[in-house]
Amino acid sequence: MAKKNKKKMKLPLAYKPLGFALGWSSGALAGAAFRKTWKVIRHEDDAPDALDRNRGWGEILLAAAVQGAIFAVVRSAVDRTGAKAIERSTGVWPTDDDGGRD
């Protein structure tokens, strides 16, 4: 029993490099998904930037909302998949408590 507790105490630290890699890859995946989604929505290759003088508030806020939603969904899916894989392979959930990161 003590061995399992020791393993559980060390796993979150061991999970950090994997979590970093998953975060980086989820960011890249979300960026690609946003670019494709924006192209479908507005038929443009580039989404508006907040500092783009030639774009209106509506376009800028729409792009930000879509981008935020896509990033949140992709991040959650990748994080959850990684955590479930760790749990399947080690028998331990990769966070110290039930609350997770946020």
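Since we're looking at a predicted model, the values are computed, not measured.

Peer 1: Requested: an account of helix α2 (residues 57-90), with residues and values cited.
Peer 2: With 34 residues, α2 should reach 50 Å at 1.5 Å per residue; the first-to-last C-alpha distance of 49 Å fits that figure. Among all positions of α2, only Glu 59, Ile 60, Ala 63, Val 66, Ile 70, Val 74, Val 78, Asp 79, Gly 82, Ala 83 and Ile 86 are buried. Just downstream of α2, Gly 91 is the residue with a positive phi angle, here 85 degrees.

Peer 1: For the packing of aromatic side chains, give the residues involved together with the corresponding values.
Peer 2: Any aromatic ring pair is given by two values, namely how distant the centres are and how the planes are angled relative to each other. For the coordinates displayed, the defined rule picks out one aromatic pair. Ring geometry for Phe 34 against Trp 38: centres 6.2 Å apart, planes inclined by 35 degrees, an arrangement best described as tilted. Of this pair, Phe 34 and Trp 38 both sit in helix α1 (residues 2-42), four residues apart, which is roughly one turn of that helix. Both residues of the pair, Phe 34 and Trp 38, count as buried.

What counts and what doesn't
- Residues numbered from 1 in each chain as written.
- Predicted model: local features only at pLDDT ≥ 70, side-chain atom pairs only at ≥ 80, totals over all residues.
- Heavy atoms only, no water.
- Helix = DSSP H or I, 4+ residues; strand = E, 2+ residues; numbered from the N terminus.
- Expected span 1.5 Å × (residues − 1).
- Buried < 20%, exposed > 50% of the residue type's maximum accessible area, 1.4 Å probe, protein only.
- Phe/Tyr/Trp six-rings, centres within 6.5 Å; stacked < 30°, edge-to-face > 60°.

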